[in-house]
Amino acid sequence: AGADDGRGPLVLHWDGAEWTRRESGVRGDLWWVHAVPDGPVFFGGSDAHVLRYESGAFERLRTPGLRKHIVFGIWAAAPDDVYAVGSSAGRNGFIWHYDGQAFRELPLPEGLPEDAFRDVPGFFKVWGTSAEDVWIVGGKGVILQGNAADGFSLRSSDENTTFFTVHAAKEQLVIAGGSSSGVLLASNGDDLEDRTPPDSPLLQGACVADDGTAWAVGVGVSIYRDGGGG
């Protein structure tokens, strides 16, 4: 999924042999996509868009947002347990949760860093190790942990860092970001430990494979892999 090229957002589907374009029926950019195994596919993007693709058709879901809200990240534990995060004008981060009937905005935890206008940072990505263990990352080094039922708590923040991506598989979690240089965090039980490669540049993407191997990518075509030895 990607930017609007004048025909609507670019949505491509791979069937194992070739890519084909799918028409979403909306205008604006799409920033993220998450497919539920054996279930629907959810897309998030500009203009508070959250789309659901199922049985060959797109549906725009009603959200609490306005045109100024951008959904940068979306993750679904199940078709009726979906999180969407983003920001308005780069700040005022929000967390929306879908229960299969409607999206509602979740309260933000106390202690979030604020700017001179008392605005909190924007959020960029959300991912979970399970339905009960959901992580959100964003500006000013914000890391949140929790779920819709119990609420979210602030794990950490850093005025000089931006976290762009969080990803997890089989209880292994990786967070990537930085500023002038990279920052890479990985789970160690209930803790997060600094696993930043020496002299790494800004890191903007991360992925944990099903076998637990972690990958991170960033500026200067930098690609890092954890083969299990750290």
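Up top is the structure these notes are about.
Residues numbered from 1 in each chain as written. Predicted model: local features only at pLDDT ≥ 70, side-chain atom pairs only at ≥ 80, totals over all residues. Heavy atoms only, no water.

It is worth spelling out the sheet that holds strand S20 (residues 214-218) at this point. The three strands lie next to each other as S19-S20-S21, forming an open sheet whose pairing is antiparallel. Either end of the sheet is taken by a strand with one partner, and the two such strands are strand S19 (203-208) and strand S21 (222-226). Pairs of neighbouring strands in the sheet enclose a mean axial angle of 15°, with direction left out of account. Here S20 runs beside S21; their pairing, made up of five bridges, is antiparallel. Residue pairing across strands places Ala214 opposite Asp226, the latter belonging to S21. (Pairing = 2+ DSSP bridges. Helix = DSSP H or I, 4+ residues; strand = E, 2+ residues; numbered from the N terminus. Axes fitted to C-alpha atoms, helices over the stretch in contact; angles between N-to-C directions.)

A separate point is the nonpolar core. In terms of nonpolar packing, the biggest core is built from 26 residues, with Tyr83, Ile95, Phe123, Ile136, Leu144, Phe152 and Ile175 touching the most fellow members. Those elements giving two or more residues to this core turn out to be strand S8 (81-88), strand S11 (123-130), strand S12 (133-138), strand S13 (143-147), strand S15 (162-169), strand S16 (172-178) and strand S17 (182-188). Excluding residues that lie within four positions of it along the chain, Phe152 makes contacts with Tyr83, Ile95, Leu106, Pro109, Val134, Ile136, Leu144, Gln145, Gly146 and Asn147. One finds Val36, Ile74, Ala84 and Trp96 within the second-largest nonpolar core, a separate group that totals 14 residues. (Core = buried A, V, L, I, M, F, W, Y, C linked by side-chain atoms within 4.5 Å. Buried < 20%, exposed > 50% of the residue type's maximum accessible area, 1.4 Å probe, protein only. Contact = heavy atoms within 4.5 Å.)

Read these as spatial facts, not as claims about activity.
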